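These are the residues of each chain, in order.
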Amino acid sequence: MTSTPPAGSLDPEIVARLKRSADGLVPAIAQQYDTGEVLMLGWMDDEALHRTLTTGRCTYWSRSRQEYWVKGDTSGHFQWVKSVALDCDADSVLVKVDQVGAACHTGARTCFDEDVLLKDADSGASGPDQ
């Protein structure tokens with residue numbers, strides 16, 4: 001039987017599964033829930049993930065400012081959480097959101113529009129072993 005975690009803390013089962021970087025963080029990929037568009041990558045620690053799961057708004061850890069930030073609090077470009085999933089290794093989080101406005105701090109819709117390194121590649125190979 002699973003006990004209820006204390007108020008204000010991440011579920012102990014999730015805590016036990018998460019594989020964090022040396023600084024205690026996991027990458028969190030924000031994706032538009034209805035189109036699949038990849039919006040941005042942020043970082044979460046246990047508290048940021050807990051806040052994201054319980055408030056319905058994405059909370060990240062700023063590595064440069066060393067503080068929590070809630071997407072939209074200063075920009076008005078909110079991320080409303082639709083679902084949250086761990087990857088198979090529990091070392092990253094996928095947050096499907098309804099993005100209001102720009103996701104990128106530059107004002108772009110996504111952080112992945114500017115520096116496209118390869119686009120619509122067609123190598124002619126018929127599969128992964130080719």
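Residues numbered from 1 in each chain as written. Predicted model: local features only at pLDDT ≥ 70, side-chain atom pairs only at ≥ 80, totals over all residues. Heavy atoms only, no water.

Some words on the overall build of the chain
Secondary structure assignment for the chain yields two helices and six strands. When the helices and strands of the chain are listed from N to C terminus, the series reads α-β-β-α-β-β-β-β. Considering the chain as a whole, with its 130 residues, one finds that 28% of them fall into the buried category. A fraction of 42% describes how many contacts in the chain between residues 6 or more apart in sequence connect residues 24 or more apart. Summed over all atoms, the accessible surface of the chain reaches about 8,300 Å², with 51% contributed by carbon and sulfur. (Helix = DSSP H or I, 4+ residues; strand = E, 2+ residues; numbered from the N terminus. Buried < 20%, exposed > 50% of the residue type's maximum accessible area, 1.4 Å probe, protein only. Contact = heavy atoms within 4.5 Å. Areas by Shrake-Rupley, 256 points an atom, 1.4 Å probe, with all protein chains shown as cover.)

A look at the packing of aromatic side chains
Counted by the stated rule, this structure contains three aromatic pairs. Above the plane of the ring of Tyr68 lies Arg51, whose end atom (NZ or CZ) is 4.2 Å from the centre. Over the aromatic face of Tyr33 sits the side chain of Lys82, whose NZ or CZ is 4.9 Å from the ring centroid. (Phe/Tyr/Trp six-rings, centres within 6.5 Å; stacked < 30°, edge-to-face > 60°. Lys NZ or Arg CZ within 6 Å of the ring centre and 35° of its normal.)

Let's talk about unusual backbone geometry
In this model, Gln66 sits at a positive phi of 55°, which is unusual for a non-glycine residue. Relative to the elements of secondary structure, Gln66 occurs in the loop between strand 3 (59-62) and strand 4 (67-70). For Ala90, which is not a glycine, the phi torsion comes out positive at approximately 60°. Tracing the backbone through its elements, the reader meets Ala90 in the loop between strand 5 (79-86) and strand 6 (93-99).

Notes on the pattern of salt bridges
Inspection of every chain in the model, using the stated rule, returns five salt bridges. The partner of Arg51 in a salt bridge is Glu47, and the shortest N-O contact between them spans 2.9 Å. In this pair, Arg51 and Glu47 are both assigned in helix 2 (residues 46-55), four residues apart and thus about one turn of the helix distant. Among the residues examined, Glu47 registers a relative accessible area of 27% and is labelled partly exposed. (Salt bridge = Lys/Arg side-chain N within 4 Å of Asp/Glu carboxyl O.)

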